[in-house]
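# Chain and residue survey
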Amino acid sequence: MKPTTLALAAALAALAGAAHAQGAKLKVGLMLPATGTYAALGTAIENGFRLYVDEQGGKLGGREIEYVKVDDESDPAKATDNVNKLVKRDNVDVLVGTVHSGVAMAMAKVAKDTGTLLLVPNAGADAVTGPMCAPNIFRSSFSNWQPGYAMGEVVAKKGHKNVVTITWKYAAGDESVRGFKEAFEKSGGKVVKELSLPFPNVEFQALLTEIAASKPDAVYTFFAGGGAVKFVKDYAAAGLKKSIPLYAAGFLTDGTLEAQGADADGLLTTLHYADSLGNPKDNAFRLAYAKAFKLQPDVYAVQGYDAAQMLGIGLAAAKGDVSKKAEIAAAIEKAKIDSPRGAFSVSKSHNPVQDIYLRQVSGKENKLISVASKSLADPGRGCKL
C-alpha cells in the first residue's frame, strides 16, 4: 500500500472513530432467553439494563443506544449461530448475555475470536472468567463458585457433617456444587452423595426418595427459574422440608417466591443481593424499577442494571469509541461500581469481587441475615490475562 493510500486509510479510520464519538448509535445485541424456563430471568435482565440507560437519557458514552434482540432459548446447540447473527449479520458493537452457562460459553468464544465487547449479566460459568477470560469480556453477576463456596462455609458453621447435593447436570449446577464442596469439606464436612438430572428436567421424585433414604444432615441445591419453583414445592410435598434442612445458592428463591408460596418460607440461601439491603442506591433502584415496570426487582434486574453501568463507565473513558478496547477495559478494571447490591470492583479476570449475603425467605422476600463472605473473589483459575 502506498504512503498516500495509508494516510488516507488512517484518516478515514480517524473520521469513523470521531463519528462514533460524536453520537452514531451504539448497537447493543441482547442475547437473552425470551422463552422456556429462564424467560422471566431474561426479561428482568433486559429491564434492568434498559432502566440504567434510560436514567442516562438513553445514551452511554454520548451515544444513543439501539437494541438488537435474539431469543437464545437457553439452547447451547443454537448458541453459536445466534451470536454470529448478532455479530456478523447485525454488526452489533456490544454483546450482552446470557443466563444459561452453556450458551454463555459459546458467546465468550465468539467474543474472544472477534474481539467484540461482551458483558455477561448472569451466567456464572467459571470458565468465562477462568480459561476463557479475555480483555473484552466482563461479568456483572457472579461466578457459579461464589454463592456455592459461601454456602459451604455457612453449612459447616451450622455443624452439619454429611450433606447430599442435587442440581441439574450442566455447568452452572456442577460448578455451584463444586464451590460448595470445596468450602464445606475444607471445614471438615463431607458431601456423601451428588445427585443430578438433565437440564431442564423437573422430574424430581426419584431423587427425593433417594435423599430421604440417605438421611443426610442437610441438602445443598442449585436450581433457578421454573425448575426452582417445582423443586421447592416437591421438596416440601415429600415431607423433607420438616426433616432435612435445605440450603441453596440464592437463585432457588430469587424471582420465584410468588410461585413457591409458603413452601419456601424459612429457606436459607446465599447470594450477592437481598431484598432488604436498605442502602441508598438500592432504595432508589427499587423505587425506579417498580415505577418503570410495575414489578419488584430481583438479582437478575440488578445484574442487568450493573452490566449497563459497566458499559457506561468503559464508554465514557473511551469517549464513546467502542474500538478503544484497552481504554474501556482499564476504566472498568479500576472502577468501584455503585451497585444496588453494594459497591463492588472487578477482579483481574473481570469477575465481580463482592459480598455474598446469607438470606432467609420471609413472606415474599429474601431478607438479609448477615454477610456470609466479605468481598469474595472468584479464584479465576486458568485465566491468563
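Predicted, not measured: the structure shown is a model, and the values here were computed from it. (Residues numbered from 1 in each chain as written. Predicted model: local features only at pLDDT ≥ 70, side-chain atom pairs only at ≥ 80, totals over all residues. Heavy atoms only, no water.)

## Regarding the packing of aromatic side chains
Note the following rule: Two rings from Phe, Tyr or Trp (for Trp, the six-membered ring) form a pair when their centres are within 6.5 Å of each other. A pair whose planes differ by under 30 degrees is stacked, one over 60 is edge-to-face, and the rest are tilted. A run of H or I in DSSP becomes a helix once it reaches four residues, and a run of E becomes a strand once it reaches two; helices and strands are each numbered from the N terminus. Lysine and arginine charges are scored as sitting over a ring when NZ or CZ, respectively, is within 6 Å of the ring centre and within 35 degrees of the ring normal.
Inspection of the entire model under this criterion finds 21 aromatic pairs. Ring centres of Phe142 and Phe251 lie 4.7 Å apart, and the angle between their planes is 40 degrees; on these two criteria the pair is classed as tilted. Here the residue Phe142 occupies a position in the loop between β6 (137-139) and α5 (145-157), and Phe251 occupies one in the loop between β10 (246-249) and α10 (257-260), the gap between them amounting to 109 residues. Members of the aromatic cluster, each reached through a chain of ring pairs, are Tyr38, Trp168, Tyr170, Phe199, Phe204, Phe223, Phe231 and Tyr235. Directly above the ring of Tyr67 sits Arg50, whose terminal nitrogen or CZ lies 4.0 Å from the centroid.

## Considering the pattern of salt bridges
How we decide: A side-chain nitrogen of Lys or Arg and a carboxyl oxygen of Asp or Glu constitute a salt bridge if their distance falls within 4 Å. Exposure classes here rest on a 1.4 Å probe applied to the protein chains alone. A residue is buried below 20% of its type maximum, exposed above 50%, and partly exposed in between.
Counting across every chain of the model gives 17 salt bridges. In this structure, Arg89 and Asp90 form a salt bridge, with 3.0 Å as the shortest nitrogen-oxygen distance. Arg89 gets classed as exposed once you look at its relative accessible area, which sits at 53%. Judged by relative accessible area, which is 15%, Asp90 ranks as buried. Between Lys109 and Asp113 there is a salt bridge whose closest N-O contact spans 2.9 Å. Of this pair, Lys109 and Asp113 both sit in helix α4 (residues 101-114), four residues apart, which is roughly one turn of that helix. Judged by relative accessible area, Lys109 falls into the partly exposed class, the value being 49%. A network of salt bridges, in which partner residues are shared, links Glu46, Arg50 and Lys69.

## Observations concerning the layout of surface pockets
Rules: A cavity here means a set of points on a 1 Å grid, drawn over the protein atoms and nothing else, where a 1.4 Å probe fits but cannot get out; a pocket is an open set with protein on both sides within 12 Å along at least five of seven lines, and a residue lines either one if it has an atom within 4 Å of a point. Grid points are joined across faces, edges and corners, and a volume is the space filled by probe spheres set on the points. Residue type decides the class: Asp, Glu, Lys and Arg count as charged, Ala, Val, Leu, Ile, Met, Phe, Trp, Tyr, Cys and Pro as nonpolar, and the leftover types, Gly among them, as polar.
Volume-wise, the largest pocket comes out at about 520 Å³. Lining the largest pocket we find 24 residues, and of these Gly255, Thr256, Gln296, Pro297 and Asp298 sit closest to its centre. Elements supplying a minimum of two residues to the lining of the largest pocket: α2 (39-55), α10, α11 (280-293) and β14 (365-376). Looking at which element gives the most residues to the lining of the largest pocket, the answer is α2, with five residues. Of the residues that constitute the lining of the largest pocket, the class distribution is ten nonpolar, seven polar and seven charged.

## Structural notes on the nonpolar core
For the record, the criterion: Nonpolar cores are built from buried Ala, Val, Leu, Ile, Met, Phe, Trp, Tyr and Cys residues. Side-chain atoms within 4.5 Å join them into one set. In what follows, a contact means two residues having at least one pair of non-hydrogen atoms within 4.5 Å.
Core analysis: the biggest nonpolar cluster contains 98 residues, and Val28, Val94, Ile211, Phe223, Phe231, Leu252 and Leu311 have the highest contact counts within it. Among the elements that take part in this core, helix α12 (residues 299-317) stands out by supplying ten residues, more than any other. Once residues lying within four places of it in the same chain are set aside, the contact partners of Leu311 are Leu26, Val28, Phe49, Leu60, Val94, Leu117 and Leu119. Grouped together as the second largest cluster of nonpolar side chains are 25 residues, Val68, Val70, Leu86 and Ala127 included.

## Quick look at the packing of helix α3 (residues 76-89) against α4
Any two packed helices are characterised by the angle at which their axes cross and by the distance between the axes. Spelled out, the test is: For helices, the fitted line uses only the C-alpha atoms of the stretch in contact; every axis is such a line through C-alpha atoms, and the angle between N-to-C directions lies from 0 to 180 degrees. Throughout, a crossing is termed right-handed when the near helix is turned clockwise from the far one, and left-handed when it is turned anticlockwise from it by less than a right angle.
Running from N to C, α3 and α4 point in directions that differ by 35 degrees, and their axes come no closer than 8 Å. In the crossing of α3 with α4, the sense of the turn from one axis to the other is right-handed. Seen from α3, the contacting residues are Pro76, Ala79, Thr80, Val83, Asn84 and Val87; seen from α4, they are Gly102, Val103, Ala106, Met107, Val110 and Thr114. Considered class by class, the residues forming the contact of α3 with α4 number eight nonpolar, four polar and no charged.

## Some details on the pairing of strand β5 (residues 117-120)
The line we're drawing: A pair of strands is considered paired only if DSSP assigns at least 2 bridges between the two. With the strands pointing away from the viewer, any crossover whose connection runs clockwise from the first strand over the helix to the second is right-handed.
Alternating residues of β5 divide into Leu117 and Leu119 and Leu118 and Val120, and every residue in both groups is buried. As judged from the three bridges shared by strand β4 (residues 94-96) and β5, these two strands associate in the parallel manner. Note that in β5 the partner of Leu95 across the bridge is Leu118. Crossover β4 to β5 through α4 is right-handed. Taken together, the three bridges between β5 and β6 define a ladder with parallel strand orientation. Bridging from a neighbouring strand, Leu118 pairs with Ile137 of β6.

## Brief notes about the packing of α2 against α12
What counts is decided by this rule: For classification, angles of less than 35 degrees are called roughly parallel, those exceeding 145 degrees roughly antiparallel, those between 65 and 115 degrees roughly perpendicular, and all remaining angles oblique.
Remark: α2 packs on α12, axes separated minimally by 6 Å, with the N-to-C direction vectors making an angle of 40 degrees. Taken together, the axes of α2 and α12 lie oblique to each other. When you trace α2 past α12, the crossing you get is right-handed. Counted together, Leu41, Ala44, Ile45, Gly48, Phe49, Leu51, Tyr52, Val53 and Glu55 of α2 and Tyr300, Ala301, Gly304, Tyr305, Ala307, Ala308, Gln309 and Leu311 of α12 form the full contact between these two elements. Of the residues in the contact of α2 with α12, the class split is 13 nonpolar, three polar and one charged.

## Observations concerning the environment of Asn162
Inspection of the secondary structure assignment puts Asn162 in strand β7 (residues 162-168). Judged by its relative accessible area of 32%, Asn162 falls in the partly exposed class. A C-alpha to C-alpha distance of 6.1 Å links Asn162 and Val192, two positions 30 residues apart in sequence. In contact with Asn162, not counting residues within four places along its chain, are Phe184, Lys190, Val192, Pro216, Asp217 and Ala218.

## Description of the environment of Ala123
On the secondary structure map, Ala123 appears in the loop between β5 and β6. Since its relative accessible area comes to 0%, Ala123 is described here as buried. Placed 17 residues apart in sequence, Ala123 and Ser140 show a C-alpha to C-alpha distance of 9.6 Å. Not counting residues up to four positions away in its chain, the partners in contact with Ala123 are Thr98, Val99, His100, Ser101, Ala104, Arg139, Ser141 and Phe142.

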